[in-house]
Amino acid sequence: MASQAAPAKPIPTPPAGSRLAWQLDPPFGTRHLLVVLAALAVLLWTGHRVEMDRMVVLSAQAIAKWIGLADESQVAHGIERVAKSMWPPAIEEKVEVARLPELDRNNLPWDARLETQQRIEKRMNLQTLQLEETVERTEYLVRPWGYVFTVALKMLETLEIALWGTLLSVLLSAPLAYLAARNYTPHRAAYLLSRGVISLLRSAPELIVALFFVLAYGFGPIAGVLALGLHAAGFLGKFYAEDIENADTKPQEALEAIGAGKLRTLWYGVMPQVMPQYIAYTLYILDRNVRMATVVGLVGAGGIGQELKGRFDMFQYDHVATILAAIFVVVFLLDQFSARLRARLL
Amino acid sequence: MIEFDHVSLRYADGTQALHDVALRVPRGQFCVLLGPSGAGKSTLLRTVNGLAKPTQGSVRIDGIVMSPATAAKLRRRVATVHQHFNLSPRMSVAGNVLSGLLPAVSTTRALLGWFEPRHRAKACALLERVGLEPVHLRRRAGELSGGQQQRVGIARAFMLDPEVVLADEPVASLDPRIAHDILSLIRDAARERGATVICSLHQLELARHFADRIVGMRAGKVVFDGAPDALDNAHVQALYEAAPASGHDGSPQLGAVPALAA
Ligand SMILES: Nc1ncnc2c1ncn2[C@@H]1O[C@H](COP(=O)(O)OP(=O)(O)OP(=O)(O)O)[C@@H](O)[C@H]1O
Ligand SMILES: [Mg+2]
């Protein structure tokens, strides 16, 4: 069966001006232009509604002030005021001894010392009607790095909330994903139900869920863990399930063909394929939960956020500065850590 | 013995993939399916392990009709070697071979991957039989060459001591020498166990060399059935002649057919 080579044929060129059956249109036309114009109009309208024009004007004023072109700017003034009150960040913790009735003077905390401050006050002597200077002495318990330690402890609590929230979400979403994967669900009703649960969990923002859990469980980390865990379970459930559905069918078919059964096929034919993605999603959730754990603290769900809210409400912006710096450092370290972990695991 | 009792199969989209196929493949035979793309070879193989269900007729394995009720039991006796190997690429070679045993182990063992010592020993013995080395055990299946992957696929297929081995173009993506080795492996391993083999192929020479019997298919029908010697050029030409308009590969093959006759 030797095949004979057909004589090479030249590629035909059509005579000039002839109409071809094939034609390739340019990629854009008037319709595209109209769509772009319409989109632009809508953007302009909504942009005005969310005050983007005012934002541009205010920002321009602020920049003008800073480079010395304008004298007044509301935004620049606000930012400068906050920045000034945030500097320097709070490092030490200083409490009046008078407010610590339990304090044992012979047995101070290891990092603490007592400090006495004198203040000269002018006071009217009611008998002589003269201004007199009196020396007021106040004794303080000072811990030079005290506030840093406090923030570190709160930060640790935040990390723990994030960790347990992630753990909870993985535990919840694994069975949900199994039920919500179209090709593995044991029953159509289970599929619909679990898809519904997943949508519900995903649609509830952590902050609002945390608000309700604070009402139910009181202030503290329980509300934080539950809020983060439930929301992330919705996210992970959806993505885990979709990965199961989209997994390469070849290994699954091989196991199905020998009658391995659904559960074993899932375990041996699907899990090895989707595991890298699962790890990536879970790391993303851990990363996100650390950031969200600081936010849910604002409504009283424990951790650094709760501390932040307290200081903010008392206008102690130097303390706020310390907290923000701590959050930045932790998020930065976490980025490095998870990038490295991902590189190793995938 | 595998019996195809007037099997017809029409897919949901209306494609008539099999048309009244009647065949008996006795125990121990190496039966090769030949035929152009779309002839229905894969479909016929899939009716044996129940992945495709005949719309008419039935498939019997040792007298038991393949049906949803009997599928779980029958499938254990039918192993499949796939064109694309169908291994879990990220799982180890050992894990892939052991997964061939999944229907026969307890759920706990399956989920933990904790197989009995005799099963692990069997996996090792089979891997040695198909010509792999101990170093391959822990390697990821996806990191092996195509030929090595198919060897793993064969080891997996023989884990349950099958009575029937289905092979769907098992050497389509392998070089000629390795293709020859792989087919020898399938034939010999099947012979040692008295297993029946049904194997689809696109290479005439290999079919002639390995087959005890050749079944030619075209457009869902059996158009040739006989010993390899009986398959002459006229049969081959009729088998692969350009299909009427419905040929799913389109026109390019039209030019190739006259050459086949020469
Ligand atoms: N799942 C399916 N749904 C619908 N039609 C299908 C399906 N699988 C195969 N077919 C059609 O059935 C016919 C037979 O296909 P089959 O895969 O059995 O052919 P084949 O002989 O194995 O071809 P090849 O040599 O290319 O593997 C073809 O027309 C194909 O398009
Ligand atoms: Mg095929």
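Residues numbered from 1 in each chain as written. Chains lettered and ligands numbered in written order. Predicted model: local features only at pLDDT ≥ 70, side-chain atom pairs only at ≥ 80, totals over all residues. Heavy atoms only, no water.

## Side note on the overall build of chain A
Argument step 1. Of the regular secondary structure elements, chain A holds 11 helices and 3 strands.
Argument step 2. Secondary structure of chain A in N-to-C order comes out as α-α-α-β-β-β-α-α-α-α-α-α-α-α.
Argument step 3. Relative to the globule expectation of 20 Å for 346 residues, the C-alpha radius of gyration of chain A, 33 Å, shows a markedly less compact shape.
Argument step 4. Seen through its C-alpha atoms, chain A measures out along the principal axes to roughly 130 × 60 × 40 Å.
Argument step 5. For chain A, the proportion of its 346 residues judged to be buried stands at 34%.
Argument step 6. Counting only contacts in chain A whose residues sit at least 6 apart along the sequence, the fraction spanning at least 24 positions is 66%.
Argument step 7. Put simply, chain A shows about 22800 Å² of open surface, and 65% of that area lies on carbon and sulfur atoms.
Argument step 8. Mean positive and mean negative side-chain charge positions of chain A (33 and 32 charges, respectively) differ by 9 Å. (Helix = DSSP H or I, 4+ residues; strand = E, 2+ residues; numbered from the N terminus. Rg over C-alpha atoms; globule rule 2.2 N^0.38 Å. Buried < 20%, exposed > 50% of the residue type's maximum accessible area, 1.4 Å probe, protein only. Contact = heavy atoms within 4.5 Å. Areas by Shrake-Rupley, 256 points an atom, 1.4 Å probe, with all protein chains shown as cover. Lys, Arg positive; Asp, Glu negative; His and termini not counted. Charge placed at Lys NZ, Arg CZ, Asp CG, Glu CD.)

## What to know about the interface of chain B and chain A
Interfaces are often described in size by the accessible area the parts lose on coming together.
Argument step 1. The interface of chain B with chain A comprises 32 residues on the first partner and 23 residues on the second.
Argument step 2. Where chain B abuts chain A, roughly 2400 Å² becomes buried across the two surfaces, and 63% of that area is made up of carbon and sulfur atoms.
Argument step 3. Together, R90, L102 and L111 of chain B form the three largest contributors to the area buried by chain B at its contact with chain A, with a combined 22%.
Argument step 4. Applying the counting rule to chain B against chain A returns 1 salt bridge.
Argument step 5. Across the pair E253 of chain A and R46 of chain B runs a salt bridge, and its minimum N-O distance is 2.9 Å.
Argument step 6. Connecting chain B to chain A are 10 residue pairs in polar contact (both at pLDDT 80 or more).
Argument step 7. Sorting the residues of the side of chain B that touches chain A by element identifies β6 (78–81), α4 (107–112) and α10 (257–261) of chain B as the ones contributing at least two each.
Argument step 8. With 4 residues, the top contributor of residues to the side of chain B that touches chain A is α4 of chain B. (Buried area = accessible area lost by both parts, 1.4 Å probe. Salt bridge = Lys/Arg side-chain N within 4 Å of Asp/Glu carboxyl O. Polar contact = N/O pair within 3.5 Å; in protein donor to acceptor, adjacent residues only side chain to side chain.)

## Notes on the sheet that holds strand β8 (residues 196–200) of chain B
Residues and elements named next belong to chain B.
Argument step 1. The strand order across the open sheet formed by 6 strands is β6-β7-β8-β3-β9-β10, and the pairing between neighbours is mixed. The open sheet is flanked by β6 and β10 (221–226), the only strands paired with a single partner. If you compare each strand with its neighbour and ignore which way they point, the axes differ by 20° on average.
Argument step 2. Strands in contact with helix α1 (residues 41–48) are β3 (30–34), β6, β7 (164–168), β8 and β9 (213–218); relative to β7, the strand with the most contacts, it is inclined by about 155°. (Pairing = 2+ DSSP bridges. Axes fitted to C-alpha atoms, helices over the stretch in contact; angles between N-to-C directions.)

## Topic: the pairing of strand β3 (residues 130–143) of chain A
All names here are of chain A.
Argument step 1. In this structure, strand β1 (residues 93–96) lies alongside β3, joined through 4 bridges in antiparallel fashion. Bridge pairing in β3 places V95 opposite L141.
Argument step 2. If you look at the hairpin formed by strand β2 (residues 113–125) and β3, you'll find 4 residues sitting between the two strands, and L129 has a positive phi there, around 55°.

## Focus: the domain arrangement of chain B
Argument step 1. Per the domain assignment, the segments making up chain B are domain 1 (1–24 + 48–64) and domain 2 (83–162 + 188–195).
Argument step 2. Taken over C-alpha atoms, the centre of domain 1 of chain B sits 29 Å from the centre of domain 2 of chain B. (Domains from an automatic or database assignment.)

## A word on the nonpolar core
Argument step 1. Ranked by internal contacts, the top residues of the largest apolar core, which has 60 residues, are L34, I186 and L201 of chain B.
Argument step 2. V214, M292, Y317 and V320 of chain A belong to the second largest nonpolar core, which has 28 residues in total. (Core = buried A, V, L, I, M, F, W, Y, C linked by side-chain atoms within 4.5 Å.)

## Some points on the packing of helix α6 (residues 206–217) of chain A against helix α9 (residues 262–296) of chain A
Residue and element names in this part refer to chain A.
Argument step 1. Between α6 and α9, whose axes approach to 10 Å, the crossing angle comes to 50°. Taken as axis vectors, α6 and α9 run oblique relative to one another. Here the hand of the crossing between α6 and α9 comes out right-handed. For the pair α6 and α9, contact is made by E206, L207 and A210 and by R288, M292, V295 and V296, respectively.
Argument step 2. Here the residues of the contact of α6 with α9 are counted per class, giving 5 nonpolar, no polar and 2 charged. (Parallel < 35°, antiparallel > 145°, perpendicular 65-115°, else oblique. Left-handed = near helix turned anticlockwise from the far one by under 90°. Nonpolar A, V, L, I, M, F, W, Y, C, P; charged D, E, K, R; others polar.)

## Quick look at the pattern of salt bridges
Argument step 1. Applying the stated criterion to the full structure yields 32 salt bridges over all chains.
Argument step 2. The salt bridge involving K65 of chain A is made with E80 of chain A; its shortest N-O contact spans 3.8 Å. Here K65 of chain A is found in helix α2 (residues 52–66), whereas its partner E80 of chain A is found in helix α3 (residues 74–86), with 15 residues between them in sequence.
Argument step 3. Residue class for E80 of chain A comes out partly exposed when judged on its relative accessible area of 28%.
Argument step 4. Residue R213 of chain B pairs with D225 of chain B through a salt bridge whose shortest N-O separation is 2.9 Å. Of this pair, R213 of chain B sits in strand β9 while D225 of chain B is found in strand β10, placing the two residues 12 residues apart along the sequence.
Argument step 5. Classification of D225 of chain B as partly exposed rests on a relative accessible area of 41%.

## Structural notes on the pairing of strand β2 (residues 16–25) of chain B
Each regular strand carries side chains that alternate between the two faces of the sheet.
Residue and element names in this part refer to chain B.
Argument step 1. In this structure, strand β1 (residues 2–10) lies alongside β2, joined through 6 bridges in antiparallel fashion. Bridging across to β2, R10 finds its partner in Q16.
Argument step 2. Counted along the chain from β1 to the antiparallel partner β2, the turn is 5 residues long, and its residue G14 has a positive phi close to 95°.

## Some thoughts on the packing of aromatic side chains
All names here are of chain A.
Argument step 1. Tallied over the entire structure, the rule returns 11 aromatic pairs over all chains.
Argument step 2. Between F328 and F332, the ring centres sit 6.3 Å apart and the planes meet at 20°, which makes this aromatic pair stacked. Residue F328 and its partner F332 are located together in helix α11 (residues 317–345), separated by 4 residues, close to a single helical turn.
Argument step 3. Using a relative accessible area of 57% as the deciding quantity, one classes F328 as exposed.
Argument step 4. Each residue in the set F235, F239, Y281 and Y284 is aromatic and connected to the rest through ring pairs, giving one cluster.
Argument step 5. When the ring centre of W45 is taken as reference, the NZ or CZ atom of R49 above it lies at 5.4 Å.
Argument step 6. A cation sits over an aromatic face here: K94 above Y140, 4.9 Å from the ring centre. (Phe/Tyr/Trp six-rings, centres within 6.5 Å; stacked < 30°, edge-to-face > 60°. Lys NZ or Arg CZ within 6 Å of the ring centre and 35° of its normal.)

## Things to note about the state of the cysteines
All names here are of chain B.
Argument step 1. The tally for this structure, following the rule as stated, stands at 0 disulfides over all chains.
Argument step 2. The thiol of C199 is not disulfide-bonded; the next cysteine sulfur, from C31, is found 9.2 Å away.
Argument step 3. Note on C199: relative accessible area 1%, which makes it buried. (Disulfide = S-S within 2.5 Å.)

## Here we look at a nonpolar patch on the surface
Residue and element names in this part refer to chain A.
Argument step 1. Taken together, the side chains of L33, L34, L37, L40 and L43 define a hydrophobic patch exposed on the protein surface, amounting to about 530 Å² of accessible area.
Argument step 2. Structurally, the position occupied by L37 is in helix α1 (residues 30–49).
Argument step 3. Given the relative accessible area of 48%, L37 is considered partly exposed. (Patch = residues over 30% accessible without salt bridge, like charges linked within 9 Å, V, L, I, M, F, W, Y side chains within 5 Å.)

## What about the sheet that holds β2 of chain A?
All names here are of chain A.
Argument step 1. Spatially, β1-β3-β2 is the arrangement adopted by the 3 strands of the open sheet, whose pairing is antiparallel. In the strand order of this sheet, the two ends are held by β1 and β2, each with one partner. With direction set aside, neighbouring strand axes in the sheet form an average angle of 35°.
Argument step 2. Bridge count between β2 and β3: 13 bridges; the pairing is antiparallel. For Q118, the partnering residue across the bridge sits in β3 and is R137.

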